[in-house]
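Residues per chain are reported as follows:
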Amino acid sequence: MMYNAAVSVRNERRISDYVTCGEVSAAVMSSSGKIYTGVCIDTCSTLGICAERNAIFNMITNGEQEIIKVIAVLPDGTSGAPCGACRELMVQLMPGRYKDIEIMMDYKQEKVITLGELTPEWWIK
């Protein structure tokens, strides 16, 4: 369900000479069970955003702030770990509870780990 939601918004394209998007897509499941999606947006001056943060901002825009599960779908269709900036946002968004967020590391192998396992010694406890 989350994998399909993320794949459905992936649309790799060049928006201008300076902006590309859609190489990576993501989905987050909120505590209400709703799934929010986003794509990466890359700019020549690093003003872009990762797909995971885009999906999280979509969730926040829609009035929710608690994440249960995250998946990032890479250009080849596999899933992988969120980058450090995305991890940092999740930690700051849910201090004290971020360690329980499930990260779908390998969708095809059904490998899921928690953000606490992926990020065991973060600066926020």
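One can find the structure itself at the top, above this paragraph.
Values in this document were obtained by computation on a predicted structure and should not be read as measured data.

### Regarding the environment of Ile71
- Topologically, Ile71 is positioned in strand β4 (residues 67-73).
- On the basis of relative accessibility, which here comes to 0%, the residue Ile71 falls in the buried class.
- C-alpha of Ile71 to C-alpha of Arg87: the two residues are 16 residues apart in sequence and 12 Å apart in space.
- In this structure Ile71 touches Met2, Tyr3, Ala6, Ser25, Ala26, Ala27, Ser79, Met104 and Tyr107, once residues within four positions along its chain are discounted.

### Quick word on the pairing of strand β6 (residues 102-106)
- Here β4 pairs with β6 via 2 bridges, running parallel. The residue of β6 that forms the bridge with Val70 is Ile103.
- From the end of β6 to the start of strand β7 (residues 111-114), which pair antiparallel, there are 4 residues, and Glu110 there has a positive phi angle of about 55°.

### Observations regarding helix α1 (residues 2-9)
- Taken as a whole, α1 has its buried residues at Met2, Tyr3, Ala5 and Ala6. Down the axis of α1, the sector holding all buried residues measures 165°, keeping them to one side.
- If you follow the buried residues of α1, they end up packed against β2 (19-30), β3 (35-43), β4 and β6.

### Structural notes on helix α3 (residues 84-93)
- Taken as a whole, α3 has its buried residues at Cys86, Arg87, Glu88, Leu89, Met90 and Val91.
- Tucked into the core, α3 has its buried residues touching α2 (51-61), β4, β6 and α4 (115-118).

### Focus: the nonpolar core
- In this structure, Val28, Ile67, Met90, Ile101, Ile103 and Leu115 are the most contacted members of the largest nonpolar core, which totals 23 residues.
- The set of elements that each furnish at least two residues to this core consists of β2, β3, α2, β4, α3, β6 and α4.
- Ranked by size, the runner-up nonpolar core spans 9 residues in total, among them Tyr3, Ala27, Val73 and Met104.

### Some remarks on the pattern of salt bridges
- Enumeration over the complete set of coordinates arrives at 2 salt bridges.
- The salt bridge involving Glu66 is made with Arg97; its shortest N-O contact spans 3.6 Å. Taken as a pair, Glu66 in the loop between α2 and β4 and Arg97 in the loop between α3 and β6 lie far apart in primary sequence, 31 residues in all.
- A salt bridge links Glu102 to Lys69; its shortest N-O distance comes to 3.3 Å.

### Here we look at the pairing of β3
- Of the pairings in the sheet, the one linking β2 to β3 comprises 8 bridges and is antiparallel in character. Bridge pairing in β3 places Ala26 opposite Gly38.
- As consecutive antiparallel partners, β2 and β3 are separated by 4 residues, and within that stretch Gly33 has a phi angle of approximately 95°, a positive value.

About the criteria used
Residues numbered from 1 in each chain as written. Predicted model: local features only at pLDDT ≥ 70, side-chain atom pairs only at ≥ 80, totals over all residues. Heavy atoms only, no water. Helix = DSSP H or I, 4+ residues; strand = E, 2+ residues; numbered from the N terminus. Buried < 20%, exposed > 50% of the residue type's maximum accessible area, 1.4 Å probe, protein only. Contact = heavy atoms within 4.5 Å. Pairing = 2+ DSSP bridges. Arc of directions from axis to C-beta. Core = buried A, V, L, I, M, F, W, Y, C linked by side-chain atoms within 4.5 Å. Salt bridge = Lys/Arg side-chain N within 4 Å of Asp/Glu carboxyl O.

Geometric descriptors of this kind do not, in isolation, establish any biological role.
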